[in-house]
Structure formats: C-alpha cells, structure tokens
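Here is what each chain is made of, one letter per residue.
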Amino acid sequence: MNIKDLVVVSDNINIDEYISFRESVKANMEHPEWLGDFSKEDLSFMLNNGSKIWIYYLNNECVCSMMMIPSDEASINKFELSLDYRDVVDYGPMMVNPKFVGNKLQYQMLKELDSYCINLGYKYAAGTIHPDNIYSINNLIKDDFKLINQKEFKRGIRNIYLKEYK
C-alpha cells in the first residue's frame, strides 16, 4: 500500500473524528500507553498554533494519521536540546488502523513529514518513543533519527530521538 494512493485530509481536521480514530487504534493495541492522548482542547490549541494533522483515508475509512508540532522553548528544554527551538519540529503521534498494519505506512508518513518540514525550513526533527516500541524505533532509525536521551514524562519513560535534515 502506498500512502500517495490514499486520500489525505490536512486542513479543517475534524478533531472528534481524529480522537475517535485514535481511541479505536489504542483499543486494538497491545500497549495502548505507547500512543499519546492529547485532549480535544489541547489539539484545538495546537492546531490553532502551527501544529498540523494529516489523516489518510481509503474508501472513507481512516487508514493512518500523523502530526507535526512546532517546537517552543519549553519543549526544547524538556528534551534537553541545546538548539534554537525555531529550527526544531516535533513529530507527534503517528497511528495506523490495525487493519492496515504491515504496509510500511509509518515509515511512509515519516518520509512525508521529512519533506514537509524541510520545505518549511526546519533543520531538525525530534520524536519521543516508548523504549519498548521497537516497531516505531526501527522506523525512526531507518529514517536517520539518533537516540539522544531517555526521560520520564507524564506518559512514562520515553526515548528521545533527533534527526538533522540533510
């Protein structure tokens, strides 16, 4: 399955539909705590302040989704990065409908995010992953992310990965 063959919506996201999709994905995960759980209010605020969500569909069914979150000084400090926050973007939650797992969609979404963020002028991408989520870790490593730290956040321990765009 090629992500470019799917219908993508990235403007005027229906937050309720996004949350419903996230909850459906989480309900079918062996470790649902691996996936973030921004509230409706958080998502609305983020979308109104530079974040972006993409939802990919096949025949009106949600297949996968990704999110981009511009960094700010607080997130740079939280990740313990000595970089200008304006140069860094955070790759937010990525999720795949359980019916479509195994189609390399997460890696394809990473490549889409890379292109989008490079075009916006970002120099680095950061991402946080649960240390046991080997699937996502392998995708980040394949996409040239490097493990730079491990920290405890409100959702538990997370590996912090950083990628410098080339």
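Residues numbered from 1 in each chain as written. Predicted model: local features only at pLDDT ≥ 70, side-chain atom pairs only at ≥ 80, totals over all residues. Heavy atoms only, no water.

1. Re the packing of aromatic side chains
- Following the criterion strictly, the structure yields three aromatic pairs and no others.
- Ring plane angle 85° and centroid distance 5.0 Å describe the contact between Trp54 and Tyr116, whose orientation is recorded as edge-to-face. Highlighted residues: Trp54 in strand β2 (residues 52-58) and Tyr116 in helix α4 (residues 105-119), separated in sequence by 62 residues.
- Judged by relative accessible area, which is 7%, Trp54 ranks as buried.
- On the basis of an interplanar angle of 85° and a centroid distance of 6.1 Å, the ring pair of Phe79 and Phe153 is categorised as edge-to-face. Linking Phe79 in helix α3 (residues 73-79) with Phe153 in strand β7 (residues 146-153), this pair joins segments that are 74 residues apart in sequence. Of the two residues, Phe79 and Phe153, both sit in the buried class. (Phe/Tyr/Trp six-rings, centres within 6.5 Å; stacked < 30°, edge-to-face > 60°. Helix = DSSP H or I, 4+ residues; strand = E, 2+ residues; numbered from the N terminus. Buried < 20%, exposed > 50% of the residue type's maximum accessible area, 1.4 Å probe, protein only.)

2. Notes on the pairing of strand β4 (residues 88-91)
- Alternating positions in β4 separate into two faces, Val88 and Asp90 on one and Val89 and Tyr91 on the other, with burial throughout.
- Of the strand pairs in this sheet, strand β3 (residues 61-70) and β4 are connected by three bridges, and their pairing is antiparallel. From the neighbouring strand, Met68 faces β4, where its bridge partner is Tyr91.
- Sheet analysis places β4 next to strand β6 (residues 124-129), joined by three bridges and oriented parallel. By the bridge assignment for β6, Val88 is matched with Tyr124. (Pairing = 2+ DSSP bridges.)

3. Some remarks on the environment of Gln106
- Here Gln106 is to be found in helix α4.
- Along the chain, Gln106 and Ser65 lie 41 residues apart, while their C-alpha atoms are 8.8 Å from each other.

4. Quick word on α4
- Taking 1.5 Å per residue, 15 residues should reach 21 Å; α4 reaches 21 Å between its end C-alpha atoms and fits that length.
- For α4, the full list of buried residues reads Leu105, Gln106, Tyr107, Gln108, Met109, Leu110, Leu113, Asp114 and Cys117.
- Turning to α4, the residues buried within the fold contact β2, β3, β4, β5 (95-96), α5 (134-142) and β8 (156-164).
- Just beyond α4, the residue with positive phi is Gly121, at close to 95°. (Expected span 1.5 Å × (residues − 1). Contact = heavy atoms within 4.5 Å.)

5. Here's the deal with helix α1 (residues 15-27)
- Between its first and last C-alpha, α1 extends 18 Å over 13 residues, near the 18 Å set by a 1.5 Å rise per residue.
- Residues of α1 that are buried include every one of Ile15, Tyr18, Ile19, Phe21, Arg22, Val25 and Lys26, and no others. The buried residues of α1 occupy one face: seen down the axis, they fall within an arc of 160°.
- Capping the start of α1, Asn14 holds a side-chain oxygen 3.0 Å from the backbone nitrogen of Asp16, two or three residues further along. (Arc of directions from axis to C-beta. Polar contact = N/O pair within 3.5 Å; in protein donor to acceptor, adjacent residues only side chain to side chain.)

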